[in-house]
Amino acid sequence: MTKAVLVTGANGFIASHIIQQLLEKSYKVVGTVRNAAKSAELIALHPSWNTLNLTFASISDISQPGCYDNVLTSHKFDFVLHTASPYSTSIGGKEMLSAAIDGTSGILEAVATHAPTVERVVVTSSFGSIIDPSQGVWPGKTYTESDWNPISYETAAAPDADWITAYLASKALAERAAWDLARRPGTHFALTTLCPPMVYGPPINLAPRSALSRAGESTQIIYNLLHAGAATDPPPTGFWLWIDVRDLATAHVLALERPLEQVAGERFLVTAGNYSFQEICDVLREGLGSEEARGVPVGTPGGGVPEGGVYAADTAKSVEKLGMRYRSLQECVVDAARAVLQIGLTK
């Protein structure tokens, strides 16, 4: 029997890859978008998608109470994948915190109340909910799923808190809220959370000649590196772990398909390992043609990592329980760069 999946934030960088993989496996998919124009654009980009198995529901504001009630009562779902989350440098800390926490809590409350057929819920969290930003690059530290970002709501919501502090805290606090709800007595679904770091790879949610401002952060990074100029230095690396968007999409699908005892109530740090912007530049200059790579910074090939090293991640759990296999950085960023060049993003 065909299984039905609700995917929130369907036109996003990550969710579009999830939908593609679900359709390839013949799942029935309902995706939420902010408005009908978003879904029409996605369908136009992917005429090969089986629209008999794909429909959309418009939800203009995921932080509003009851926003998911209608879609959950209109369909019988087996699974819910919650990828939607605010990411905007133009909103304040309190607003970002509220949107993330309320959005995640809202869909889990709605599933608990209106979707008795749902067996599993997967929430796309973030390495931001794991990292301790106060420790910086923390040489010798190996992060695991047992680590939590210690930033409090009060600290992140303070008027003097910077944007990145609020964003990282929003991911941690939203995930904590999800676990609090999932552990309530009588909950009928199993929760799994995925905690990816920087997500790179080819975007499949952008129309040709799209404005750069419509692209996600990692796609903008690739674009900027392609056009920075060979004589410039790569920018400082902010976060030192990465994953390919296609692998992250696979992680979501595996969370639905692996034996329940291996994923129920589990948190997974999903990452291919360490990288730096210098390494991305090295890979692009090696993997692309000379004309395509002419604007990529040369910098200091083979460098880019602070003396003493940086933190690492233990991925054993994601490999053993979730069944993950990770692409190489070369495959990831070269594919991403070629997609960016093919799309022809415009400033």
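This text goes with the structure placed above it.
Below you will find a few notes about this structure. (Residues numbered from 1 in each chain as written. Predicted model: local features only at pLDDT ≥ 70, side-chain atom pairs only at ≥ 80, totals over all residues. Heavy atoms only, no water.)

1. Considerations on the pattern of salt bridges
Move 1: A complete count under the given rule lists 14 salt bridges for this structure.
Move 2: Its salt-bridge partner being Arg327, residue Asp247 comes within 2.5 Å of it at the nearest N-O pair. Of this pair, Asp247 sits in helix 8 (residues 245-257) while Arg327 is found in the loop between helix 11 (316-320) and helix 12 (329-343), placing the two residues 80 residues apart along the sequence.
Move 3: Of the charged contacts in the structure, one is a salt bridge between Lys317 and Glu266, with a shortest N-O distance of 2.6 Å. On the criterion of sequence distance, the pair formed by Lys317 in helix 11 and Glu266 in strand 10 (residues 266-269) is long-range, its members being 51 residues apart.
Move 4: Look at the salt bridges and you will find they share partners, linking Lys3, Asp78 and Glu119 into a network. (Salt bridge = Lys/Arg side-chain N within 4 Å of Asp/Glu carboxyl O. Helix = DSSP H or I, 4+ residues; strand = E, 2+ residues; numbered from the N terminus.)

2. Here we look at the sheet that holds strand 5 (residues 120-124)
Move 1: Strand order in the open sheet made by the seven strands is 3-2-1-4-5-7-10, with parallel pairing throughout. The open sheet has two edge strands with one neighbour each: strand 3 (54-58) and strand 10. Each strand axis lies, on average, 15 degrees off the axis of its neighbour in the sheet, ignoring direction.
Move 2: As paired strands, strand 4 (residues 79-82) and strand 5 are joined by four bridges and run parallel to one another. Bridging from a neighbouring strand, His82 pairs with Val123 of strand 5. (Pairing = 2+ DSSP bridges. Axes fitted to C-alpha atoms, helices over the stretch in contact; angles between N-to-C directions.)

3. Here's the deal with the packing of aromatic side chains
Two aromatic rings, taken as a pair, are described by how far apart their centres are and by the angle between their planes.
Move 1: According to the stated counting rule, one finds seven aromatic pairs in the structure shown.
Move 2: The interplanar angle of 75 degrees and the centroid separation of 5.5 Å between the aromatic rings of Tyr200 and Tyr275 together place this pair among those described as edge-to-face. Remark: Tyr275 occurs in the loop between strand 11 (273-274) and helix 10 (277-287) and Tyr200 occurs in strand 8 (residues 198-200); sequence separation between them is 75 residues.
Move 3: Chaining the aromatic ring pairs together yields one cluster made of Phe127, Trp138, Tyr143 and Tyr311.
Move 4: Against the face of Trp148 rests Arg176, its NZ or CZ located 4.2 Å from the ring centre.
Move 5: For Arg267, the ring lying beneath its charged end belongs to Trp148, and the centroid distance is 3.5 Å. (Phe/Tyr/Trp six-rings, centres within 6.5 Å; stacked < 30°, edge-to-face > 60°. Lys NZ or Arg CZ within 6 Å of the ring centre and 35° of its normal.)

4. Some remarks on the sheet that holds strand 8
Move 1: Reading across the sheet, the three strands line up as 8-9-11 and stay open at both edges, with mixed pairing between neighbours. Sheet topology places strand 8 and strand 11 at the edges, where each strand pairs with a single neighbour.
Move 2: Two elements, strand 8 and strand 9 (residues 241-244), share three bridges in a ladder whose sense is parallel. Across the sheet, Met198 pairs through a bridge with Trp242, a residue of strand 9.
Move 3: Its contacts with the sheet put helix 8 on strand 8 and strand 9, and the angle it makes with strand 9 is roughly 75 degrees. (Contact = heavy atoms within 4.5 Å.)

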